[in-house]
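# Understanding the architecture of this molecule
The primary structure of each chain is shown beneath.
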Amino acid sequence: MTRSIAVGFDGSPSATRALRVALALARDAGATTWVLHARGMLEERATESSTPAVVSETVTELGLDPERVHWRVEDGDPCSVLLRSVAPPVEAEILVVGRRGHGHPEGLLLGSTSLQLVEHAHVPVVVVPSPLDE
Amino acid sequence: MSRLVLNADYGAQAHEEAGHPERPARATAARAGVADLHLGDDLVVVGPRAARREELVRVHAAGYLDELGAFCYGGGGDLDPDTYATADSWSIAVQAAGAGLAVVDALAQRGDGVGFVVTRPPGHHALADRAMGFCLLNNIAVAAAHLIDAGERVVIVDWDVHHGNGTQSIFWDEPRVLYVSTHQWPLYPGSGTPAEVGGPRALGRTLNLPLPPGATGDAARRALEAAAPIVESFEPTWVLVSAGFDAHRADPLADLALTSGDFAALASLAGSFAPGPGRVALFLEGGYDLEALRASTTASLSALLGEPSTDEAPTSGGPGAEAGPAALEQFWRTLEVLASSEEDAT
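Residues numbered from 1 in each chain as written. Chains lettered and ligands numbered in written order. Predicted model: local features only at pLDDT ≥ 70, side-chain atom pairs only at ≥ 80, totals over all residues.

Here we take up the overall build of chain A. Within chain A, the secondary structure is distributed over 4 helices and 5 strands. Going residue by residue from the N terminus, the α and β elements of chain A occur as β-α-β-α-β-α-β-α-β. Each of the 134 residues in chain A was classed as buried or not, and the buried ones make up 40%. Counted over contacts in chain A with a minimum sequence separation of 6, partners at least 24 positions apart contribute 76%. (Helix = DSSP H or I, 4+ residues; strand = E, 2+ residues; numbered from the N terminus. Buried ≥ 20, exposed ≤ 12 C-beta atoms within 10 Å, placed from the backbone. Contact = placed C-beta atoms within 7 Å.)

Structure follows, in structure tokens:
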């Protein structure tokens, strides 16, 4: 039984698509969802600590218990933040990430969080394609 | 007086993205900090050279090097939300890594002097197979790997305000490198806790000394002083310093409160770890306030060269005065736990 699912979220359309998939998976599995925002070097250190509206709205739309969806800001690059989420307190058993249609050549790890995650993660990874990938 | 061996001229101006704080003016500021020393003939400039592929693959995955090169030659772009590359960045990054090699080779040949490498792009966040945190190639790791291949034992002192996750990761299981880092925590990249002590073959070869936001120079100095017995028992033959100056109180990307005078004290401490002359080299990492970068460069190098300088006064009284000793306690506890679990397994 899956107890914890982590999804990377940066507010982009691809991240929002990944969020919907993660929340739907969590609802079906009865799992807790951790919505993780990776705070980079250039980001204001006062990044909002409250859950973004789009996350709350999606939780409501999909009929999830808000108590079982956690918003968390972590310092680091998106790949490292998701990889670290297998440890406490998140203890993610599935990682969900969006994939941007950035036009990089197939197989190029550079700049692709999703491909890097698949390469390094020791738990299942769900990659949610963007429309350009479909 | 010792001479300064410098490599700062490899055309890094073309590694630039509009509005990004990791910008060419940083190298200009660091060079101005060197000029402020007025060294005259005591300044030795070693020529640029590119790091060779066999020197880079000691620390980077071959596939990553291929992809990074191809990405740059294809025009470059953003590698993550923080990190950019331009069409020229590959050749510049290879020159930056080579600059470190040229400086340590020059020091080894001379048997005297202090090295300073004005590396752009910086390197200590770069992982074996991934660019991040403004870094493409891990310059200091390339130099350290070069030295240990020659039979040396290298302590890397990293006083950049951000934890050098790339360097730590590259040497995680390498017993011939001791990695010691003071950094702000919490802060990007999120790693760097005292419980991170090294891999199975190199337990105790990673020492993290995180400092809280607002910490002043006394906390950083005390942390590095607390690490001194561990460094001494490691018996390094070389000291390489990831000399970021973004722990300065004027820096826009972090919240520590050091001054140039504090960097002078840290440099003296790091220099005291060297077994003799010609065995210390500073590699520029971060530092995004140009005046602070210039003054801190001058102060650090002055301290290592035994030259008088007019630094800002060292600071004290901020939070975290006990952070270093506390981190060291956690470091030892972690090693004890790992040792006892190892015994249980056998």
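Moving on to the overall build of chain B. Within chain B, the regular secondary structure consists of 10 helices and 10 strands. Taken over the C-alpha trace, chain B has a radius of gyration of 19 Å; the compact-globule value for 346 residues is 20 Å, and the two agree within 12%. Across the 346 residues of chain B, 60% fall into the buried class. Considering only contacts within chain B whose residues lie at least 6 apart along the sequence, 78% involve residues at least 24 apart. (Rg over C-alpha atoms; globule rule 2.2 N^0.38 Å.)

So, on to the interface of chain A and chain B. Of the residues lining the interface, 16 residues belong to chain A; the matching set on chain B comes to 18 residues. At the level of secondary structure, the elements contributing two or more residues to the side of chain A that touches chain B comprise β3 (69-75) and α3 (78-84) of chain A. Among the elements that make up the side of chain A that touches chain B, the one with the highest residue count is α3(A) (3 residues). Partitioned by chemical class, the residues of the side of chain A that touches chain B number 6 nonpolar, 5 polar and 5 charged. (Nonpolar A, V, L, I, M, F, W, Y, C, P; charged D, E, K, R; others polar.)

What follows covers helix α1 (residues 24-35) of chain B. All names here are of chain B. Helix length check: α1 (12 residues) gives 17 Å between terminal C-alpha atoms against 16 Å at 1.5 Å per residue, within 8%. Regarding α1, the residues found buried are R26, A27, A29, A30, G33 and V34. Around the axis of α1, the buried residues are gathered within 160 degrees of arc, so they sit on the same side. Residues of α1 that are buried make contact with β1 (4-7), β5 (114-117), β10 (280-284) and α9 (290-305). (Expected span 1.5 Å × (residues − 1). Arc of directions from axis to C-beta.)

Okay, the environment of B:G63 next. Relative to the assigned elements, B:G63 resides in helix α3 (residues 62-73). C-beta crowding within 10 Å serves as the criterion here: with 12 such atoms nearby, B:G63 is assigned to the exposed category.

Moving on, we come to the sheet that holds strand β4 (residues 94-99) of chain A. All names here are of chain A. An order of β3-β2-β1-β4-β5 is seen for the 5 strands of this open sheet, with the pairing classed as parallel. On the outer flanks of this sheet lie β3 and β5 (125-129), each paired with one strand and no other. Each adjacent strand pair in this sheet contributes to an overall mean axis angle of 25 degrees, direction not counted. The pairing of strand β1 (residues 4-8) with β4 spans 3 bridges and is parallel. Residue pairing in the sheet places V7 in a bridge with V96 of β4. The sheet contacts of helix α1 (residues 13-29) involve β1, β2 (32-39), β4 and β5, and relative to β4 the element is tilted by about 150 degrees. The strands touched by helix α4 (residues 113-120) are β1, β4 and β5; relative to β4, the strand with the most contacts, the crossing angle is about 155 degrees. (Pairing = 2+ DSSP bridges. Axes fitted to C-alpha atoms, helices over the stretch in contact; angles between N-to-C directions.)

All names here are of chain B. Mean pLDDT over chain B: 95, with 98% of residues reaching 70 or higher. The least confident element of chain B, judged by mean pLDDT, is β1 at 84; the most confident is strand β6 (residues 154-158) at 99. Here the predicted complex scores 0.95 on pTM and 0.88 on ipTM. (pLDDT = per-residue confidence, 0-100.)

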